[in-house]
Amino acid sequence: LAVAAPVLRGATDDSFPFSTYPMFARVIEHPWLTVAEGLDADGARVRLPPEMVASDEPMQAMRTLGLTAGQGRHAPRQLCARIAERVAQSERFAAVRRVRLVRARFNPLAYFDGDSRPEEVEKVSACQVSRSN
């Protein structure tokens, strides 16, 4: 009975010791992620690392982006401005002229096979990078 218990529950229910192994029990759709990207003068995308967003921890940066995107219009504008300030101070991103926060849908299999282009993109916020010369 204990071995069969997970079969009697929903695929997303998961608890120790009777796991349904939800990561394998259902088809996972192509996920939406909120990301920060830079744009150069030609409009080419530049991937911005976690430390430009929040800290050098990728999961903290992703959490910051995800939570901020769901907080109306003001919070994403503020985060975009903070990211633009960090970008402006970085020689590594001297070519970046604008910062965008976008929600993008990715195909996980293609992504890890080398095709990191998003399938769909929705703009959350955008701002200029101001540099003093």
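Overview of the structure. (Residues numbered from 1 in each chain as written. Predicted model: local features only at pLDDT ≥ 70, side-chain atom pairs only at ≥ 80, totals over all residues. Heavy atoms only, no water.)

1. Focus: the packing of aromatic side chains
- By the definition in use, this model includes zero aromatic pairs.
- Cation over ring: R103 sits above W32, and NZ or CZ is 4.5 Å from the ring centre. (Phe/Tyr/Trp six-rings, centres within 6.5 Å; stacked < 30°, edge-to-face > 60°. Lys NZ or Arg CZ within 6 Å of the ring centre and 35° of its normal.)

2. Focus: the pattern of salt bridges
- Across all of its chains, the model carries six salt bridges by this definition.
- Between E37 and R100 there is a salt bridge whose closest N-O contact spans 2.3 Å. Here the residue E37 occupies a position in strand β3 (residues 32-40), and R100 occupies one in strand β5 (residues 96-105), the gap between them amounting to 63 residues.
- In this structure, R92 and E51 form a salt bridge, with 3.9 Å as the shortest nitrogen-oxygen distance. Taken as a pair, R92 in the loop between α4 (74-88) and β5 and E51 in helix α2 (residues 50-53) lie far apart in primary sequence, 41 residues in all.
- Judged by its relative accessible area of 61%, R92 falls in the exposed class.
- The class for E51 is partly exposed, based on a relative accessible area of 34%.
- Several salt bridges converge on common partners, so that one network encompasses E37, R45 and R100. (Salt bridge = Lys/Arg side-chain N within 4 Å of Asp/Glu carboxyl O. Helix = DSSP H or I, 4+ residues; strand = E, 2+ residues; numbered from the N terminus. Buried < 20%, exposed > 50% of the residue type's maximum accessible area, 1.4 Å probe, protein only.)

3. Concerning the environment of A69
- Tracing the backbone through its elements, the reader meets A69 in helix α3 (residues 58-69).
- For the pair A69 and V102, spaced 33 residues apart in the sequence, the C-alpha separation amounts to 8.5 Å.
- For A69, the residues in contact, after removing those within four places along its chain, are T34, P76 and V124. (Contact = heavy atoms within 4.5 Å.)

4. Remarks on the state of the cysteines
- Under the definition given, this model contains one disulfide.
- For C80, the disulfide goes to C127, at an S-S distance of 2.2 Å. One disulfide, between C80 and C127, carries an S-S torsion of -95 degrees and so falls in the left-handed class. Pair noted here: C80 is in helix α4 and C127 is in strand β6 (residues 120-128), with a separation of 47 residues, a long-range link.
- For C80, a relative accessible area of 0% puts it in the buried group.
- Of the residues examined, C127 reaches a relative accessible area of 14% and is grouped as buried. (Disulfide = S-S within 2.5 Å.)

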